[in-house]
Amino acid sequence: MAQYQLYSSANEPATVAHCPIDCPIPEYGPEAPQPSHNQNSDIPFTIDYSYFINDISSKRQPSQLREITRLLEKIPPNCIKFGVGVPNVLTFPFKKISVELITGENIKLRGQELSDALQYLPSVGYRPLIKILAELQERFHGPQYWNKRSIMMTSGAQEGLSKAVDMCMRCNDSVIMPDPVYTGAVDLFTPYDAEIIPIVQDSCGMVVEEIEKVLAERKKKLLPIPKMIYVNPTASNPAGTTLPTRRKREIYRLACEYNLLILEDDPYYYLHFEKENPVSFLSMDTEGRVLRFDSFSKIMSSGLRVGFITGPMTLLRRMELHMQTSSMHTSSLSQVLLYKLLSHWGKDGLISHFMHVKNFYKQKLDYMMCAVNKHLHGLAEWYEPNGGMFLWLKIIGLNDAKKLVTDRCLDKLIVLAPGYALSANSKNPSPYIRISYSIASLEEVDRGILLLAEAIREELLENTCL
């Protein structure tokens, strides 16, 4: 099995940190962690977070009953719990839960683990799982400031993003986003009448010079500076681009200079096809201005709805208070089941699973690229993605591919995503389409791309005749 090394933002893109990822990771509890040996725990996060927290979020108060669940983790098990208003697990109709893995092994929940899986949990999440995830973050993103940073479980990365936006946004605030962009992120800002500032992408993702130009012009014209920049840095949806380390460092520098939070939405991090793991914004965050959103939806199960946020404690506490009065917590069953699986696999087993998933999608991409090169040469332009599930195509000769996708391709029973729907401004015409290679069979890929080529030729011919 390939040996991975964790990255350090202090090094150049092609280099790795001096400490291998299998070096000992200290034991700690997420609420009172002990700093790793390689970090300077005396470096404070000096940001005034009140600048980022909106009026609604600042007014949130702890739910007194939800706070009791925090106390339950710390009191002796023989404590008489008269003050806990939860149902008795003895009334639940479940004796055990057993899940068979594709290897034939079984993961079983019994006793206390079953009780935890069927009962309410603290809003931050299941502590044993959080402990494993903290170790995972150190393994891939370097030593963390766990006395200033923490982890909170969410129902997929999307809930984490939603809580972050609801914490920070005020009406008419501006936000910087890549273009094209994951529309699930854009939709979060829409209710705030946000000013979306689109940043063009090339084959390596967001163009840093464009970000710098926008910020400098707004400062010169005395326009409000955005408080956040949203990034989808690894194998992005829909463009399939991965930001190189140099660009990430420049974006982080601009975030520090202009006092921005970075929303690092990275659900495809473990689906990159490079030999070395990408350097994350989290790994270079010394000021406490990165909120990182991870997800198990792409690598474990989208139906489990398990994600997690890593970020400054001050901000995560605000989001936790929101969680207390909304979803209360991520599914207990999903969290405990995931904990049991990760404990069963161990660190090497999890890495082996990552490699299995990556190899699966890499083979899918390779076959897709063969079909695209065979059938779409001269009809479309593209960059080959280096991870993820998506291929972003520009149709040559079309100003707007909407009719091609929504009419002509559907008539041929080909389902594609039109580019306009994945633009920062969906009202603008777009010559792009997004192809997902995740679930189509090899036969469907070859036949589907052939039919797409036919549809493009027909659309171009019709446009010529008009």
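This text goes with the structure placed above it.
These notes cover the structure that comes with them. Worth saying up front: this structure is predicted, and the values here are computed from it rather than measured.

Procedures and definitions
- Residues numbered from 1 in each chain as written.
- Predicted model: local features only at pLDDT ≥ 70, side-chain atom pairs only at ≥ 80, totals over all residues.
- Heavy atoms only, no water.
- Helix = DSSP H or I, 4+ residues; strand = E, 2+ residues; numbered from the N terminus.
- Buried < 20%, exposed > 50% of the residue type's maximum accessible area, 1.4 Å probe, protein only.
- Polar contact = N/O pair within 3.5 Å; in protein donor to acceptor, adjacent residues only side chain to side chain.
- Contact = heavy atoms within 4.5 Å.
- Pairing = 2+ DSSP bridges.
- Axes fitted to C-alpha atoms, helices over the stretch in contact; angles between N-to-C directions.
- Parallel < 35°, antiparallel > 145°, perpendicular 65-115°, else oblique.
- Left-handed = near helix turned anticlockwise from the far one by under 90°.
- Nonpolar A, V, L, I, M, F, W, Y, C, P; charged D, E, K, R; others polar.
- Phe/Tyr/Trp six-rings, centres within 6.5 Å; stacked < 30°, edge-to-face > 60°.
- Lys NZ or Arg CZ within 6 Å of the ring centre and 35° of its normal.
- 1 Å grid on protein atoms, 1.4 Å probe; cavity = no way out; pocket = protein on both sides within 12 Å on 5 of 7 lines; lining within 4 Å.
- Points joined across faces, edges and corners; volume = space filled by probe spheres on them.
- Salt bridge = Lys/Arg side-chain N within 4 Å of Asp/Glu carboxyl O.

## With respect to the side chain of Asp266
- One can find Asp266 in the loop between β8 (261–265) and β9 (290–295).
- With a relative accessible area of 2%, Asp266 lands in the buried category.
- At 2.9 Å, the side chain of Asp266 and the side chain of Thr234 are in polar contact.
- When near neighbours in sequence (up to four residues on either side) are disregarded, Asp266 contacts Pro233, Thr234, Arg292, Phe293 and Asp294.

## Description of the sheet that holds strand β14 (residues 432–436)
- Across the sheet, four strands lie side by side as β11-β12-β14-β13; this open sheet has antiparallel pairing. Strand pairing shows two members of the sheet lacking a second neighbour, β11 (380–382) and β13 (417–418), which therefore form its edges.
- Examined bridge by bridge, β13 and β14 share two bridges and lie antiparallel to one another. Along β14, the bridge assignment pairs Ala417 with Arg434.

## Considering the packing of helix α4 (residues 127–141) against helix α10 (residues 332–375)
- At a minimum axis distance of 9 Å, the contact between α4 and α10 shows a crossing angle of 20°. The orientation of α4 with respect to α10, classified from their angle, is roughly parallel. As for how α4 packs across α10, the hand of that crossing is left-handed. Within the contact between the two elements, α4 uses Pro128, Leu129, Ile132, Leu133, Glu135, Leu136, Arg139 and Phe140 and α10 uses Gln335, Leu338, Tyr339, Leu342, Ser343, Lys347, Asp348, Leu350, Ile351 and Phe354.

## Structural notes on the sheet that holds β8
- Across the sheet, which stays open at both edges, the eight strands sit in the order β3-β10-β9-β8-β7-β4-β5-β6 with mixed pairing between neighbours. For this open sheet the edge positions go to β3 (149–154) and β6 (205–206), each flanked by a neighbour on one side alone.
- Sheet topology places β9 next to strand β10 (residues 307–312); four bridges connect them, and they run antiparallel. Bridged to Ser295 within β10 is Gly307.
- Packing of α4 onto the sheet brings it into contact with β3, β9 and β10, and relative to β3 it is tilted by some 120°.
- Sitting on the sheet, helix α5 (residues 156–168) touches β3, β7 (228–231), β8, β9 and β10, and the angle it makes with β9 is about 155°.

## Description of the packing of α5 against helix α9 (residues 313–324)
- Orientation of α5 relative to α9, taken along the N-to-C sense of each, is 105°, at an axis distance of 10 Å. It follows that α5 is roughly perpendicular to α9 by the angle criterion. The segment α5 lies against α9, with Glu159, Gly160, Lys163, Ala164, Asp166 and Met167 engaging Leu315, Arg318, Met319, His322 and Met323.
- For the contact of α5 with α9, the residue count by class is five nonpolar, two polar and four charged.

## Structural notes on the packing of aromatic side chains
- Per the counting criterion, the structure on display carries 11 aromatic pairs.
- When the ring of Tyr270 is compared with that of Phe354, the centres are 4.1 Å apart and the planes differ by 20°; the resulting orientation is stacked. Taken as a pair, Tyr270 in the loop between β8 and β9 and Phe354 in helix α10 lie far apart in primary sequence, 84 residues in all.
- Residue classification places Phe354 among the buried positions, given a relative accessible area of 3%.
- Each member of the aromatic cluster is reached from another via a ring pair, and the members are Phe140, Tyr269, Tyr270 and Phe354.
- For Arg292, the ring lying beneath its charged end belongs to Tyr269, and the centroid distance is 5.0 Å.
- In this structure, Lys402 packs its charged tip against the face of Tyr420, placed 5.0 Å from the ring centre.

## Side note on empty space enclosed by the protein
- Here the structure, examined in full by the defined rule, presents two cavities of 30 Å³ or more.
- Forming the walls of the largest cavity are Pro178, Gln201, Gly205, Met206, Val231, Asn232, Pro233, Ser236, Thr241 and Leu243.
- Each residue belonging to the lining of the largest cavity can be placed in one class, and the counts come to five nonpolar, five polar and no charged.

## Overview of the pattern of salt bridges
- Enumeration over the complete set of coordinates arrives at 24 salt bridges.
- Between Arg253 and Glu212 there is a salt bridge; the shortest N-O distance is 3.3 Å. Of the two residues, Arg253 sits in helix α8 (residues 245–258) while Glu212 sits in helix α7 (residues 208–220), which places them 41 residues apart along the sequence.
- A relative accessible area of 32% places Glu212 in the partly exposed class.
- Taking the shortest distance from any N to any O, the salt bridge between Lys412 and Glu458 comes out at 3.2 Å. With Lys412 in the loop between α11 (402–411) and β13 and Glu458 in helix α12 (residues 442–465), the pair connects residues that are 46 residues apart, well separated along the chain.

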